[in-house]
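Listed below are the residues making up each chain.
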Amino acid sequence: MKKKFAAAMSVMILSAAGFVCAPQNNFFDSTLTKVEAAQNNDPKFSFGGICLGMNLQEVKNILGEPVTQVDDDEFIFANGLIVEVQKRDNSVEKLKTRKVGGSTDAGVAVGMSAQKLSEIYGTADKVENEHGKTEYKYFGANGMYKIEFTVRNGVIESIEAEIRD
């Protein structure tokens with residue numbers, strides 16, 4: 001019991017400090033709103049502690065100021081992470097990386113093999129082939145968000161996670 005309490009306290013402290021996404025207690029609770037479900041993200045859908053549904057200021061607190069801003073809603077950070085926010089509330093609706101080494105918190109990175117992806121994430125919910133590329137798609141939180149890995153010649157080229165409408 002003491003170990004469970006200590007682990008829960010550690011997660012709460014790290015979450016409050018902005019180092020990890022919110023705990024997964026209600027990960028599959030269908031009564032959650034899109035943002036609440038996204039904030040209950042697991043490491044398979046987050047990048048360096050950056051979660052779908054976070055506020056842009058929370059992202060900046062972790063990554064610093066973006067190096068580039070595209071339009072009003074897309075920000076590119078020094079680590080290569082591209083963050084798209086909803087204009088109405090500045091919440092993160094999409095995370096993308098194409099930079100080699102850019103990875104999910106579950107440990108899958110651009111430049112890794114598709115075989116390693118399958119070992120970590122399991123069988124994809126959907127697979128599509130287009131123009132010499134294969135897209136592996138995984139869905140979470142009752143389909144409220146997805147992560148997509150684009151693979152060419154057996155190697156991951158890009159990773160994109162998003163809140164779905």
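Per chain, the residues get numbers from 1 upward, laid out in the order the sequence is written. pLDDT decides what is reported in this predicted model: residues at 70 or higher carry local features, side-chain atom pairs at 80 or more are listed and counted, and totals for whole chains, interfaces and linings draw on all residues regardless. Derived side-chain values reflect all non-hydrogen atoms in the structure, with water molecules and hydrogen atoms excluded from consideration.

S.K.: Sorry if this is basic, but what is going on with the nonpolar core here?
M.R.: Across soluble globular proteins, nonpolar side chains show a tendency to be buried alongside one another. Counting residues in each nonpolar core, the largest one holds 32 residues, and the members touching the most others are Ile147 and Phe149. Secondary structure counts use DSSP, requiring at least four H or I residues in a row for a helix and at least two E residues in a row for a strand, with both numbered from the N terminus. Taken together, the elements giving at least two residues each to this core come down to helix H3 (56-63), strand E3 (82-85), strand E4 (92-97), helix H4 (114-121), strand E6 (133-140), strand E7 (145-152) and strand E8 (155-163). A contact between two residues is defined here by any heavy atoms of the two lying within 4.5 Å. Ignoring sequence-local partners within four residues, the contact set of Phe149 consists of Thr104, Val108, Leu117, Tyr121, Thr134, Glu135, Tyr136, Tyr138, Ile156, Ser158 and Ile159. As used in this record, nonpolar core signifies buried Ala, Val, Leu, Ile, Met, Phe, Trp, Tyr and Cys residues forming a set joined through side-chain atoms within 4.5 Å. The buried label applies to any residue whose accessible area, calculated with a 1.4 Å probe on protein chains only, is under 20% of its type's maximum; exposed applies above 50%, and partly exposed to all values in between.

S.K.: Whenever I open this one, the pairing of strand E5 (residues 126-130) confuses me. Can you help?
M.R.: Here is the key point about a regular strand: its side chains alternate between the two faces of the sheet. In this structure, E5 lies alongside E6, joined through five bridges in antiparallel fashion. Residue pairing across strands places Asn129 opposite Thr134, the latter belonging to E6. Only when DSSP finds a minimum of two bridges between them are two strands counted as paired. Taken together, E5 and the strand that follows it, E6, pair antiparallel across an intervening segment of two residues, in which His131 is found at a positive phi of about 45°.

S.K.: Even after reading the chapter, I still don't get the pairing of E8, so can you show me in this structure?
M.R.: Pairing of E4 with E8, which is carried by four bridges, proceeds in the antiparallel orientation. What sits directly across from Thr97, in E8, is Ile159. In this sheet, E8 lies alongside E7 in antiparallel orientation, the contact comprising eight bridges. Residue pairing for E8: Lys146 is matched across the bridge by Glu162. Linking two consecutive strands that pair antiparallel, namely E7 and E8, is a turn of two residues; a positive phi of about 55° is found at Asn153 within it.

S.K.: How should the sheet that holds strand E1 (residues 68-70) be read in this particular structure?
M.R.: Spatially, E1-E2-E3-E4-E8-E7-E6-E5 is the arrangement adopted by the eight strands of the open sheet, whose pairing is antiparallel. Either end of the sheet is taken by a strand with one partner, and the two such strands are E1 and E5. With strand direction ignored, the average angle separating the axes of adjacent strands in the sheet is 15°. Sheet topology places E1 next to strand E2 (residues 74-76); three bridges connect them, and they run antiparallel. Across the sheet, residue Val70 finds its bridge partner in E2, namely Glu74. Axis lines are fitted to C-alpha atoms, over the contacting stretch for helices. Their N-to-C directions set the angle, which ranges from 0 to 180 degrees.

S.K.: Can you help me understand H4 in this one?
M.R.: In an α-helix there are 3.6 residues to a turn, and that puts residues three or four apart on one side. Among all positions of H4, only Ala114, Leu117 and Tyr121 are buried. Looking straight down H4, one finds that the buried residues subtend no more than 50° of arc, so they occupy a single side. Opposite its buried face, H4 presents the exposed residues Gln115 and Glu119, each directed more than 90 degrees away. Check the buried side of H4 and you find it contacts E6, E7 and E8. Looking one or two residues beyond H4, the residue adopting positive phi is Gly122, at roughly 85°. What the arc measures is the spread of directions leading from the helix axis to the C-beta atoms.

S.K.: Please clarify how the confidence of the model for the protein chain should be interpreted in this entry.
M.R.: In low-pLDDT segments, the atomic positions of the prediction should not be examined closely. Values of pLDDT, the confidence the predictor places in each residue, fall between 0 and 100. In this model, the protein chain carries a mean pLDDT of 80, and residues with pLDDT of at least 70 account for 74%. A low-confidence stretch, residues 1-20 stays under pLDDT 50, and its non-local contacts, those more than four residues away or across chains, total 11 contacts. Under a pLDDT of 50 for its full length, residues 22-32 has, in the predicted model, 24 contacts with residues more than four places off or in other chains.

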